Amino acid sequence: MRLVLYEPDIPQNTGTMLRLGAALGVAVDLIEPCGFLIDDRRLRRAAMDYADFLDLTRWTSWRRYSEAGHAGRLVLLTTRAAQPYTEFAFAADDRIMVGRESAGVPDAVHDAAGARLVIPLRPEARSINVATAAAMVLGEAIRQTTLSMIARR
Ligand SMILES: C[S@@+](CC[C@H](N)C(=O)[O-])C[C@H]1O[C@@H](n2cnc3c(N)ncnc32)[C@H](O)[C@@H]1O
């Protein structure tokens, strides 16, 4: 399982997701440019006490990321999806991507995803915080894949 951050805009959200990945043992791919200036030291500090556990890969662009070989499906979290994340069968090597706080992801990235999932919200709500979305879906993905590992034993 990996968490993929697409061009994040807000450093606090990025820090929260780096800490989440570090603490859960989920590797993080950061696709730049970010909407803020950041260096490796600051990124690691954002993961707080868990920086030593942070498995972070930085990519200079979506093109670089998409041209590199990756195992597993790219699973995009987007408000434009029809399939609820709770009805999706996750695999241990899925790459779960979240979009920019300001604009989600462009159509090319949307189309490149192997699956697109929505967190159902009440009709009046447009979206939730990106780090909250990441935590909800990673929680479900880890629950499912941990259960399937136990079932295979
Ligand atoms: C604040 S939202 C982006 C809102 C943006 N205006 C849009 O239309 O995509 C930031 C990211 O959080 C995730 N997200 C937020 N709410 C979501 C939901 N209800 N379902 C799936 N993903 C969601 C998505 O990855 C999204 O790109």
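Residues numbered from 1 in each chain as written. Predicted model: local features only at pLDDT ≥ 70, side-chain atom pairs only at ≥ 80, totals over all residues.

A. Seen up close, the environment of alanine 23. Position of alanine 23 relative to the elements: it lies in helix 1 (residues 11–24). Put simply, alanine 23 and valine 4 are 19 residues apart on the chain and 16 Å apart in space, counted from C-alpha to C-alpha. (Helix = DSSP H or I, 4+ residues; strand = E, 2+ residues; numbered from the N terminus.)

B. Region of the structure containing the nonpolar core. Counting residues in hydrophobic clusters, the biggest one holds 32 residues, and the most contacted among them are Leu5, Ile96, Ala134 and Val137. Listed by contribution, the elements that provide at least two residues to this core are strand 1 (2–6), helix 1, strand 2 (27–31), helix 2 (40–46), strand 4 (74–77), strand 6 (95–98) and helix 5 (130–152). Looking at this core element by element, the count peaks at 7 residues for helix 5. The contact partners of valine 137, leaving out residues within four places of it in the chain, are Leu77, Tyr85, Ile96 and Leu117. (Core = buried A, V, L, I, M, F, W, Y, C linked by C-beta atoms within 7 Å. Buried ≥ 20, exposed ≤ 12 C-beta atoms within 10 Å, placed from the backbone. Contact = placed C-beta atoms within 7 Å.)

C. Quick look at the site of the ligand. Near the ligand, the surroundings consist of 15 residues, among which Leu77, Val98, Gly99, Gly104 and Ser127 are the closest. Tallied by class, residues from the shell around the ligand come to 9 nonpolar, 5 polar and 1 charged. (Near = placed C-beta within 6 Å. Nonpolar A, V, L, I, M, F, W, Y, C, P; charged D, E, K, R; others polar.)

D. Broad picture of the sheet that holds strand 2. Taking strand neighbours across the sheet as the criterion, the 7 strands line up as 3-2-1-6-4-7-5 in an open arrangement whose pairing is parallel. What marks the edges here is a single partner per strand, and that holds for strand 3 (56–59) and strand 5 (83–84). (Pairing = 2+ DSSP bridges.)

E. Region of the structure containing the UniProt feature "binding site: S-adenosyl-L-methionine" (unreviewed entry) in the protein. According to UniProt, the positions carrying the feature "binding site: S-adenosyl-L-methionine" (unreviewed entry) are Leu77, Gly99, Ile119 and Ser127. Taken along the chain, the residues just named run across 51 residues; in space they keep tight, none of their C-alpha pairs more than 13.6 Å apart. By the secondary structure assignment, glycine 99 is in the loop between strand 6 and helix 4 (107–112). What makes glycine 99 buried here is the crowd of 25 C-beta atoms within 10 Å. When near neighbours in sequence (up to four residues on either side) are disregarded, glycine 99 contacts Tyr6, Thr78, Gly104 and Val105. (UniProt positions renumbered as here; feature names shortened; annotations may be inferred.)

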